[in-house]
Structures are given as structure tokens and as C-alpha cells.
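# Understanding the architecture of this molecule
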Amino acid sequence: MKKKTAFLFSAILMVSLFLGTVFTSGAADSQTVTMAFTGSWNTLCPLAATADYDDCAANPMFDRLLELDGKGGYSYRLCESFDISDDFKVLTLNLRKDVKWHDGEPFNADDVVFTYQLYSSADLVTSRRLFLQGVEGCDESGIELSPNSIHVEKVDDYTVDVYYSEPKSEIAMFAWNMYFTVLPKHCLEGKDPATILQDDFWTKPVGTGPYIFESTVPGESVTYKANPDYYLGAPSIETLCIKVIQPASLTTAMMAGEVDLINGTLAAIPDADMEFAQTLEGYNAESMEGTSANFFVLNNKVFDSAKIRKAFAMLLDKDAMIESGCYGNGAKVYTTYAPKNVWSDQEIIDEYGYEFDPETAVEMLKEEGFDFDRTYTVCINDMAVRQAICTVMQDTWAKYGLKLEIVTLDTQTCISSMRDEAYDMWINGGAGANFTSLETGFIIWVTIDDSGEYGPYNLAKVDDPTFMNVEKELASATSEDEIKRLTQEIQKLELTEYNYVYIIGPYINTAISDRLVGVDKDMMLTRGFNYSEWKIEE
């Protein structure tokens, strides 16, 4: 860890002494656990979620069929087991029989079938339906071909069959099941899908999860009470509170004992504060290698050849970006597969990868007739690491006669602006592929239909369907050799076509109070939480 915190340490210490702050952890209420977010959620409706904050504010109340376990596998939730047909085209879900909704009504197959139908409704505005690609009765975007045409059948009260138009591997089926939030039919049946996202139901949602909604202060906090009838056992922690705390205030909140969990993704201790955070008694502050990465979404109509896009990548001083944006606390990233992923292929990275070589990059750009007189634009949100990446890039470009304008917008405006081609590039980021999982969700970034229309998240305007087709083939792969071949092909495509350019992966700065035990750290890195296993030890 770089030692850049001496002044900050002194300043915080003076403030804490002035305020009489005690350097110990523990919420004022011994039966309340507080988890920090550094951004606010826009909705408690899983269907309307567009960001991790939305998902994770809803997650304590709603369970999925399956849950990522943080180690590349899964654990059962509403589904107690499953079967896959010999032709890999039918998924049979065997549901639990001991689950109740928060209002006491029993959970059963009707809820699952209803939710599939709702997700696939043509009138519903949601990004989540992409996880229904390949289900019979839906088009390429997951929309039903006709009302309730999605081929999902109730076999009995606790068994559901899901039919696919093409063979699907186990991992492809699970990829969207793990994000498939089951909703209560008895509460939502008959409501118009076109307006259901704005329904009053979401002001006090009814789910099957370990916690029951209690109250919220919009933009500030949401509070939940333990579900005494939770099928995995009532949580031992009576109250869960999610609270918005700005990054610069996280260490102050730790000193005041106002926070129990900073998970490193929904909230992360700034790198500049991490050394100081590790000195605080009552907390375990730890920097962990994760799977997240930042990457450039390049408008392929502007950066219109693979050679230009590779030259762009060779102009990225990743060492300087890690030093400036992460205080040296990060790693270079080259493909969508995280370095710890078992399918990440270092030999391919060595053979097809690149390093910072601005002189060669400039010559490549000149050979391709790149316009050096134009000012290029990049839009980003206000995350410090992305601001640092762009500042380093801007300085490098200036040295070699290239001009870059940095525009800071909120994430949703960045997305809509890239759809409209208002900017030349955008920096996005994500959790990336899990440590051992195959599924990256990357297909949404390269989707193009038969008519040439771009998918809603094909923001780079990738015209060539090769990438999409390989991703589809991977989704149907059923042998390890086939999977290895296809993941290698994806990595080769990423390092030869450069439709998207990966940059750096910051390490994840976490903190857990000593009184909170049972937190699964691997699961936490994937924004999942084993709430029912948490305990308080005073």
C-alpha cells in the first residue's frame, strides 16, 4: 500500500478528537447491522433495476431460484434442486415446499410461471429480459412472440419446466436464473405490465427473502426487519439498515461505530484512506483482489478499424492509471475474464496482448489516416478511478498531438448518449466474470439482430455478429473441451478486434466490524450476501 495518508490521518484524528469520537465499532442498537452504500438506489423493484444499488437494496426482501456462492458455483434458494433433459433443452425446477411470502401466503409454481410471463411481456420496460434469451416463445431480446407465449409449464404445485429452443449448458441456464427474482402472483396478477413498475406495491414490497421491508428515507436509507418465517431460518440479526455514506466519510463513520459492513463494491474505502482504516480498532479493513474491471466502450464507427482500436489500447499507460486512480492498488486487465477465473488464458494474453507503446501506436494511427485535428470525447461518471484514468489518458494524448475532452455525466445519461452516438467513447465497469464461472454477460454488449439493428447495450456499434455468435455457442457448450475452445476464442477476439478495451481492475477495499461474524467474503465480492448466517458478537 502506498503511503500517501499521513496528512489525511492527522486531519481525521484531529476531527475525531474534537468531536470526542471513540475508535470502536458497533451500532448504537446492538441488534442492528448497518451496511454502507456510497450511491443511492432508484427503486426497490427488481424489474426496474438498472444498477447494483437497485439490485442490492431489493435483495434482502426477494429471493432467487439460485444464488451465486462467490466461488463460481451456486447455492439453492427457492429452487431446492433441478434436472436438465438429455438434449439440454428442458430445465426442470424443483421448488421448495416450505416458503411463505412476507404476508403469509404460500409460495408455489404459480408464482414462478407468472414471473416468467411478466418478465417476457412486450409491454414491460426492463433490461432483465435479456436473461430469457433462448427460452421458447421469446425473440432474441427475451420478449414474448405473442401474449404469454413463453414456454414455461407448471407440472405441479412445486415443479416447473422451462423449455429452450436450442440446447443450453448448465451454466447458461443458471446465468439468468441467478438474477431471476420471483415475484408474488397474488399481489401483482392483473396489473398492467406497462405501468407495473410504478405500482404502489413497490413502496412496501412483499417478498420471500430473509428481511421484510420496514421503512425508507429516499436517497438516504432503507430499513428491514428479520423475517421470522424465513425458510432457511430466521436471521439472528433483528434489524438490517442500508445507509448511504459518501466515500470520504466512510472512515469517519467507522470511527463513530456507525457502520458494520463496507463490502468493497457497493461502498469502498478510498485508496487514500485505506492505510488509516487499517489502524482502526474494532474493524478488519482489507484490500482484496476481485473481479471488477473498467473498460472503454469505443464507438466502432469512429474508431473504425481493429488497427486503430489496438493503437488506442497501446496508448493506455495502465501503470500510471493504477498509481493515480488506485494508489498502486490494482491490476492490469486485458479481457472480460478476470485473472483469477479458471478460463482466463495467460498464453493468449501473452500472444495477442499489448503493452504501453505510444510511439508505435501513433505510427499505427497515422498509417490508418486517423484524424489528429479532431477533439475526441469521452463520457464518464464521477467515480474517482475513472476520472483518474481519463486524466492520465488526456495527458498522454496531449504529448503525442491528440486531443481529448472529458465529459462527466451520470451513468444512465452516458448510456443514452452512447446510444445516440453523442460521444466517441465511454468508460464503464463491472464485476466481470466470477472467479470460476463462465458466464460474463458480455453478449449484451455485442448483440445485433438479423436486420442489423443493434441491441440496447451494443453501445460500441459492433456490426460483426462473430462475437455474438461465439457467445451464443458458449451458452450451448456442454463439454469442458468445448468450453475451453470457445473461451479461448472469445479472448482472441477481444485481443484482435478491440471492440471494447479493458483497462484496469482496482482492488476492493473492504471493512467488517469485529462484532459482525459469518459474512461470506467471496460471496460479498459478487454483491451477494448470506444474510441469514450473519451474527452479532459483542
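What comes next is a walk through the structure.

Calculation rules
- Residues numbered from 1 in each chain as written.
- Predicted model: local features only at pLDDT ≥ 70, side-chain atom pairs only at ≥ 80, totals over all residues.
- Heavy atoms only, no water.
- Helix = DSSP H or I, 4+ residues; strand = E, 2+ residues; numbered from the N terminus.
- Expected span 1.5 Å × (residues − 1).
- Buried < 20%, exposed > 50% of the residue type's maximum accessible area, 1.4 Å probe, protein only.
- Pairing = 2+ DSSP bridges.
- Axes fitted to C-alpha atoms, helices over the stretch in contact; angles between N-to-C directions.
- Contact = heavy atoms within 4.5 Å.
- Right-handed = clockwise from strand over helix to strand, strands pointing away.
- Salt bridge = Lys/Arg side-chain N within 4 Å of Asp/Glu carboxyl O.

Another aspect to go through is helix α3 (residues 109-120). Here α3 spans 17 Å end to end across 12 residues, near enough to the 16 Å set by a 1.5 Å rise per residue. Among the 12 residues in α3, 10 count as buried, and that is most of the element. Those residues of α3 not exposed but buried are Ala 109, Asp 111, Val 112, Val 113, Phe 114, Thr 115, Tyr 116, Leu 118, Tyr 119 and Ser 120.

Further remarks concern the sheet that holds strand β4 (residues 79-84). Judged by pairing direction, the sheet is antiparallel, and its 4 strands sit side by side in the order β4-β5-β7-β6 without closing on themselves. Because the sheet does not close on itself, it has two edges, and the strands there are β4 and β6 (152-156). Geometrically, the sheet is characterised by an average inter-axis angle of 25 degrees between neighbouring strands, direction not taken into account. Sheet topology places β4 next to strand β5 (residues 90-95); 5 bridges connect them, and they run antiparallel. Looking across to β5, one finds that Cys 79 is bridged to Leu 95. Against the sheet, α3 contacts β5, β6 and β7 (159-163), and its axis sits at roughly 175 degrees relative to β6.

As a further point, take the pairing of strand β16 (residues 403-408). Taken together, the 6 bridges between strand β15 (residues 375-380) and β16 define a ladder with parallel strand orientation. By the bridge assignment for β16, Val 378 is matched with Ile 406. Crossover handedness for the path β15 to helix α12 (residues 384-399) to β16: right-handed.

Once that is clear, we can look at the pattern of salt bridges. Tallying each qualifying case throughout the model produces 17 salt bridges. Between Glu 189 and Lys 185 there is a salt bridge whose closest N-O contact spans 3.9 Å. On the basis of relative accessibility, which here comes to 52%, the residue Glu 189 falls in the exposed class. For Lys 185, a relative accessible area of 24% corresponds to the partly exposed category. Across the pair Asp 424 and Arg 374 runs a salt bridge whose closest N-O atoms are separated by 2.5 Å. Of this pair, Asp 424 sits in the loop between α13 (411-419) and β17 (425-430) while Arg 374 sits in the loop between α11 (358-367) and β15; the two residues are 50 residues apart in sequence, bridging distant segments of the chain.

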